[in-house]
Amino acid sequence: MSRIESLARSRIDRTKEFALKNKEKERMKEKEKDARYTNGHLFTSITVSGMTMCFACNKSITAKEALSCPNCNVTIHNRCKDTLPNCTKVKQKQQKAAFLKNNSALQSVSLRNKTTIRERPSSAIYPSESFRQTLLGSRRGRPSLSLSKSVSTTNIAGTFNDDSPLGIRRILSQSTDSLNMRNRTLSVESLIDEGAEVIYNQLMSDFDMGEKDFEADSWSLAVDNNFLQQHKKEVMKRQDVIYELIQTELHHVQTLKIMTNLFRKGMLEDLQMDPAVVQSMFPCVDELSEIHDRFLVQLLERRKESLATDSNKNFVINRLGDILVQQFSGTSAEQMKKAYSEFCSRHSKAVKLYKELFTRDKRFQQFIRRLTRSTVLRRHGVQECILLVTQRITKYPGLIDRILQNSKGNEADQKDLSAALMLVKELLSTIDQEVHDYEKNARLQEIYGRIDGRAKAILPWERGAFCSEELLRRKLVHDGSMLWKTAAGRFKDVLVLLMTDVLIFLQEKDQKYTFPTLDKPAVISLQNLIVRDIANQEKGMFLISAAPPEMYEVHTASRDDRNTWMKLIQQTVKLCPDRAEFPLIETENEASLRKLKDKIQQRDQEITELLEDKVGLFADIVALQSCSVDGPLPCVNSRTLFRTESSDTPHGEKLIQEAIKEVEFLKDLFVGPSWDRDQNHTQDPNGCSSPNPNNTTSMSSSVLPD
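Regarding the overall build of the protein chain
From N to C terminus, the protein chain includes 24 helices and 15 strands. Counting only residues that meet the buried cut, the protein chain has 33% of its 706 residues in that class. In the protein chain, 62% of the contacts between residues at least 6 apart in sequence involve partners at least 24 apart. Of the roughly 45400 Å² of accessible surface on the protein chain, 52% is carried by carbon and sulfur atoms.

Concerning the confidence of the model for the protein chain
In the predicted model, the protein chain carries a mean pLDDT of 75, and the fraction of residues at 70 or more is 70%. Of all the helices and strands in the protein chain, helix α4 (residues 153-157) carries the lowest mean pLDDT, 38, while helix α18 (residues 396-405) carries the highest, 94. In this model residues 31-36 is a low-confidence stretch, pLDDT under 50, and it forms five contacts with partners more than four residues away in sequence or in other chains.

Topic: a negative patch on the surface
Taken together, the side chains of Glu606, Glu609, Glu612 and Asp613 define an acidic patch exposed on the protein surface. You can see glutamate 606 is positioned in helix α21 (residues 588-627).

Thoughts on the sheet that holds strand β4 (residues 65-69)
In space, the three strands of this open sheet follow the order β3-β4-β5, with antiparallel pairing throughout. Looking at which strands have only one partner, the edges of the open sheet turn out to be β3 (44-47) and β5 (74-76). In this sheet, neighbouring strand axes are inclined to one another by 40 degrees on average, regardless of whether the strands run parallel or antiparallel. Bridge count for β4 against β5 is three bridges, and the pairing is antiparallel.

Topic: the pairing of strand β8 (residues 476-485)
Among the 10 residues of β8, seven are classified as buried, and the element is accordingly described as predominantly covered. Sheet analysis places β8 next to strand β9 (residues 491-499), joined by nine bridges and oriented antiparallel. By the bridge assignment, histidine 478 is partnered in β9 with leucine 498. Pairing of β8 with strand β15 (residues 550-555) involves three bridges; the strand directions are antiparallel. The residue bridging tryptophan 484 from the neighbouring strand is valine 554, located in β15.

Quick look at the side chain of glutamate 470
Turning to its location among the elements, glutamate 470 is positioned in the loop between β7 (465-467) and β8. Classification of glutamate 470 by relative accessible area gives buried; the value is 6%.

As for the packing of helix α12 (residues 285-305) against helix α14 (residues 330-345)
Describing two packed helices takes the angle between their axes plus the distance from one axis to the other. With their axes 9 Å apart at the nearest point, α12 and α14 run at an angle of 140 degrees to one another. With respect to α14, the element α12 is oriented oblique. Crossing angle aside, the handedness with which α12 passes α14 is left-handed. Here Val285, Glu287, Leu288, Ile291, His292 and Arg294 of α12 come into contact with α14, specifically with Ser332, Gln335, Met336, Ala339, Tyr340 and Phe343. Among the residues forming the contact of α12 with α14, the class breakdown is seven nonpolar, three polar and two charged.

Re the pattern of salt bridges
As enumerated under the stated definition, the model contains 20 salt bridges in all. Taking the shortest distance from any N to any O, the salt bridge between aspartate 413 and arginine 238 comes out at 2.7 Å. In this pair, aspartate 413 is assigned in helix α19 (residues 411-450) and arginine 238 in helix α10 (residues 233-269), connecting sequence segments 175 residues apart. Look at aspartate 413 and you get buried, because its relative accessible area is 0%. Close ionic contact of arginine 302 with glutamate 305 constitutes a salt bridge, the shortest N to O distance being 3.6 Å. Residue arginine 302 and its partner glutamate 305 are both found in helix α12; the two are separated by three residues, about one turn of the helix. What makes arginine 302 buried here is its relative accessible area of 16%.

A look at the packing of aromatic side chains
On inspection of all chains with the given rule, the structure shows 11 aromatic pairs. By way of ring pairs, the aromatic residues Phe295, Phe328 and Tyr396 are connected into one cluster. Between lysine 520 and the ring centre of tyrosine 552, over which it is positioned, the NZ or CZ distance is 5.3 Å.

A short note on the environment of proline 521
Looking at the element boundaries, proline 521 is found in the loop between β11 (512-514) and β12 (523-525). For the pair proline 521 and isoleucine 458, spaced 63 residues apart in sequence, the C-alpha to C-alpha distance is 7.2 Å. Not counting residues up to four positions away in its chain, the partners in contact with proline 521 are Leu459, Trp461, Trp484 and Tyr552.

Observations concerning α18
For α18, the full list of buried residues reads Tyr396, Pro397, Leu399, Ile400, Ile403 and Leu404. On an axial view of α18, the arc spanned by its buried residues comes to 165 degrees, and they lie on one face. Turning to α18, the residues buried within the fold contact α10, α12, α13 (321-327), α14, α17 (382-392) and α19.

Re the nonpolar core
One finds Phe263, Met267, Met281, Phe282, Leu320, Leu324 and Phe364 to be the most contacted residues of the largest nonpolar core, which totals 71 residues. Looking at which element gives the most residues to this core, the answer is α10, with 13 residues. Those residues in contact with leucine 324 that sit more than four places away from it in its chain are Leu245, Phe295, Ile400, Leu417 and Ala420. Ranked by size, the runner-up nonpolar core spans 41 residues in total, among them Phe505, Tyr513, Leu526 and Leu584.

Rules and cut-offs
- Residues numbered from 1 in each chain as written.
- Predicted model: local features only at pLDDT ≥ 70, side-chain atom pairs only at ≥ 80, totals over all residues.
- Heavy atoms only, no water.
- Helix = DSSP H or I, 4+ residues; strand = E, 2+ residues; numbered from the N terminus.
- Buried < 20%, exposed > 50% of the residue type's maximum accessible area, 1.4 Å probe, protein only.
- Contact = heavy atoms within 4.5 Å.
- Areas by Shrake-Rupley, 256 points an atom, 1.4 Å probe, with all protein chains shown as cover.
- pLDDT = per-residue confidence, 0-100.
- Patch = residues over 30% accessible without salt bridge, like charges linked within 9 Å, V, L, I, M, F, W, Y side chains within 5 Å.
- Salt bridge = Lys/Arg side-chain N within 4 Å of Asp/Glu carboxyl O.
- Lys, Arg positive; Asp, Glu negative; His and termini not counted.
- Charge placed at Lys NZ, Arg CZ, Asp CG, Glu CD.
- Pairing = 2+ DSSP bridges.
- Axes fitted to C-alpha atoms, helices over the stretch in contact; angles between N-to-C directions.
- Parallel < 35°, antiparallel > 145°, perpendicular 65-115°, else oblique.
- Left-handed = near helix turned anticlockwise from the far one by under 90°.
- Nonpolar A, V, L, I, M, F, W, Y, C, P; charged D, E, K, R; others polar.
- Phe/Tyr/Trp six-rings, centres within 6.5 Å; stacked < 30°, edge-to-face > 60°.
- Lys NZ or Arg CZ within 6 Å of the ring centre and 35° of its normal.
- Arc of directions from axis to C-beta.
- Core = buried A, V, L, I, M, F, W, Y, C linked by side-chain atoms within 4.5 Å.

Take a look at the structure:
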């Protein structure tokens, strides 16, 4: 018996041990599952190189091991797995499961037995039939907004009889009443939304005839067929493009009217929003509306002059280049440059502001939805309007070029069209440069705001330290992230700034930028800088500086990125200013002198603009006085407006020229000798660089500090 008992006990012990091992294995599996699954990701450990970037923090993975999810193909640090968003494939599966669950629930509701449903009388929802028709209109004339097709209110309430508890019946009755009240509210809002179309029609009343005349898709469809057969194919193509120009200009004016008189006016008057916020969302729309209204009126007037006899829709425009030259030159071009430069520069900021307001402000959200629900504004939301206005200036070169290509034989108009095409390309290039400079300046201000105020780069060969204020007196050419390979062979994540005369490395630490303190300086002068690619490494390049002689090895994210950096660095090296005119580190006195010069230039610009306005006013006075005199109008020249009628020889122009030379000579004394200006002074055909050099020397010696 003792042997049998010992065998039984050993069997029981083995069973218990086996059960404990199974429990331990299950516990380990759970831990492993929890460790591998995070936010739906199925992570596996992989070995990576030092050039792999983390998807979560966008930094290089310097460790040998990392985590990778085979579902969404992301690679991250081990420490970044909690910050990664949900896996995309898992999220799609969850959405699909929820969709199928909702469909099954709706089907189960609709399959209930409807014979036992207790119908609610219409008087429980609407006090009377007349009141219901007043709010919602007739059943035939309005779109159905109820839920009867999918889930009726009686289905939601369920089947209950008089024996059911009173509280349940009251709760279900309130839920069905709330659904019907929501339907009534939506219907009333749809009636209010018709006001947007009324306001829009009032805004476009000035161009009502023009809008009706340009409803067709092309000129060939707008004119009569008999009139169309009288013209050649080249004339048809030319008139189609001119028709497209006028039609798109009309649509552009419509977009500007919507922005100013519907969205902006509603935000200011209905929502009582801050005018500064509204102005940030719609910058320069008044100036743009004025410019394009005037242009559209001229185009419609030219169409009216070109109408065939006894016809209101048959026309052939033979001359258009003069209007285009007038629009894209002189004062009109300056107004367009100023307005479009500001509008396009603030495009991203305006869209970002709109999205933020739409997300957090419920009243603004309801206002936008109520307006865009109308048929007029269905495809003209705030974002769409801002984008359309930004793109309009880029459409003119293509349209004018197509008109020019189909204007063979019309030499007079062809000459004006060529001039207009050149003018609009110059205007577009200027606006593009203004927008580029604005964006780079905004990016530089953003980086400067994140630099630690105590950060300084020590440059042993210079007279002081390179601090963050030095960035503000330079222009940012290009910026981006790189990997800087140190002498120890390790890679450091750095932000590289290519500026007017230097290349700067910044390192992020605690949400702030600092100058990295490594074995080489973090500021490289572009003077005589050499850029070379690294053999057998398509992402790397060498930066070889002359003063001091150092060689840097940096790596970009891709081959195209490296080629872009090399091209921009080589171009900037060629334009690098001389250190005598633009020192690497500016002293306090030099900084004060530079600020004073900037203020003087700003005041000179203001004086120039005031004088130009004054000349324009005098020209208007002369034109008005000439209108009262019979005979041909004299040609008004701005240079003759201020001439006296006396027989004395005018000396003002000569005195001003001598004063300009005096100022230039003083400027050379202050700033330093300039070889080009000295050459101009010595080779002046008038033979005098200064009317009184003795006085100049004495005055300059009294002004210069000891």
